[in-house]
Amino acid sequence: ETLHKLIDVCSIPVLNALDDFAHPMQMLADIQTIIEKFGTYENLTMAYFGDLDNNMTFDLMRLCALVGMNFKMAGAGNIEQSVWDECNELCAQTGATVQLCDTAEEAMRGVNIVYCDSWMSYGVDPKLAEERVQLFMPYQVTSELMELADDNVIFMNCLPAARGMEQTSEVIDGPRSVVFDQAENRLHAQKALLLRTLR
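Residues numbered from 1 in each chain as written. Predicted model: local features only at pLDDT ≥ 70, side-chain atom pairs only at ≥ 80, totals over all residues. Heavy atoms only, no water.

**With respect to the pattern of salt bridges**
Inspection of the entire model under this criterion finds 5 salt bridges. Taken together, the salt bridges that share partners define one network made up of Asp-59, Arg-62 and Glu-86. (Salt bridge = Lys/Arg side-chain N within 4 Å of Asp/Glu carboxyl O.)

**Quick look at the side chain of Lys-72**
Checked against the element boundaries, Lys-72 lands in strand 2 (residues 70–76). At 7.0 Å, Glu-106 is the nearest oppositely charged side chain to Lys-72, a buried residue that forms no salt bridge. Side-chain polar atoms of Lys-72 contact the backbone oxygen of Glu-106, separated by 3.2 Å. In contact with Lys-72, other than residues within four places in its own chain, are Thr-45, Met-46, Ala-47, Tyr-48, Gln-99, Cys-101, Glu-106, Ala-107, Arg-109 and Val-111. (Helix = DSSP H or I, 4+ residues; strand = E, 2+ residues; numbered from the N terminus. Buried < 20%, exposed > 50% of the residue type's maximum accessible area, 1.4 Å probe, protein only. Lys, Arg positive; Asp, Glu negative; His and termini not counted. Polar contact = N/O pair within 3.5 Å; in protein donor to acceptor, adjacent residues only side chain to side chain. Contact = heavy atoms within 4.5 Å.)

**Notes on unusual backbone geometry**
Cis geometry is found at the peptide bond from Leu-159 to Pro-160, where omega equals 5°. Along the chain, Pro-160 turns up in the loop between strand 5 (154–157) and helix 8 (169–172). Even without being glycine, Asn-43 reaches a positive phi, approximately 60°. In this structure Asn-43 comes out as exposed when scored by relative accessible area, which is 77%. A positive phi angle is found at Leu-159, which is not glycine, with a value near 65°.

**Side note on the environment of Ala-17**
Within the secondary structure, Ala-17 sits in the loop between helix 1 (2–9) and helix 2 (24–38). For Ala-17, a relative accessible area of 47% puts it in the partly exposed group. Separated by 177 residues in the primary sequence, Ala-17 and Leu-194 have C-alpha atoms spaced 12 Å apart. Here Ala-17 is in contact with His-23 and Met-25, once residues within four sequence places are set aside.

**Details of a nonpolar patch on the surface**
Where nonpolar side chains cluster on the molecular surface, the patch consists of Leu-15, Leu-194 and Leu-198 and spans about 310 Å² of accessible area. With respect to the helices, strands and loops of the structure, Leu-198 is situated in helix 9 (residues 179–198). For Leu-198, a relative accessible area of 74% translates into the label exposed. (Patch = residues over 30% accessible without salt bridge, like charges linked within 9 Å, V, L, I, M, F, W, Y side chains within 5 Å. Areas by Shrake-Rupley, 256 points an atom, 1.4 Å probe, with all protein chains shown as cover.)

**Description of the packing of aromatic side chains**
All chains considered together, the criterion is met by 3 aromatic pairs. For the ring pair Tyr-48 and Tyr-115, a centre distance of 6.4 Å and an interplane angle of 40° mean the geometry is tilted. Here Tyr-48, found in strand 1 (residues 45–51), pairs with Tyr-115, found in strand 4 (residues 113–116); they are 67 residues apart in sequence, far enough to count as distant. For the pair shown, Tyr-48 and Tyr-115 are each scored as buried. Ring centres of Trp-119 and Phe-136 lie 5.9 Å apart, and the angle between their planes is 45°; this geometry places the pair in the tilted category. Note that Trp-119 is positioned in the loop between strand 4 and helix 6 (129–136) and Phe-136 in helix 6, a separation of 17 residues in sequence. (Phe/Tyr/Trp six-rings, centres within 6.5 Å; stacked < 30°, edge-to-face > 60°.)

Written as structure tokens, this is what we have:
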């Protein structure tokens, strides 16, 4: 709401670095990373695990629906109805599917991209840490869970990450992890966006 008020009175471009419902800058870096690793985003499926009431969840849903990638998720939390509505409209245009799964195993089967985010996002009260760990632990990304994915699977996390929480150390430090390439692409994607905006 604040961002839209700013846009209404600005005569220059306003770039949304992050808000409670979206993380568009991260999406640019993520799609760049996916294209680098696979050469395309077509015919791919992404799975997200953990906190569903989260700007990353919302924007990954939108991203996949927009570009035609299939998206599966498993976790806890409520997804805004407006996000579902937006994704359903996009999916109708692109043929993508956005699916909420009952278990982490169901969400993981056959996917190409595995994604998770911190269980203690910005603004979450640290006093809730123990409660949130119990809530999200069934959706922790482990090496065993990753075995259900496609052979070419990559692992992504927008960082910062907590080893032993949303993913195990073996996963984030393993050969399928692309988290540092993903982090580097934040710089390149944002430089490209600034260049396009200034032209």
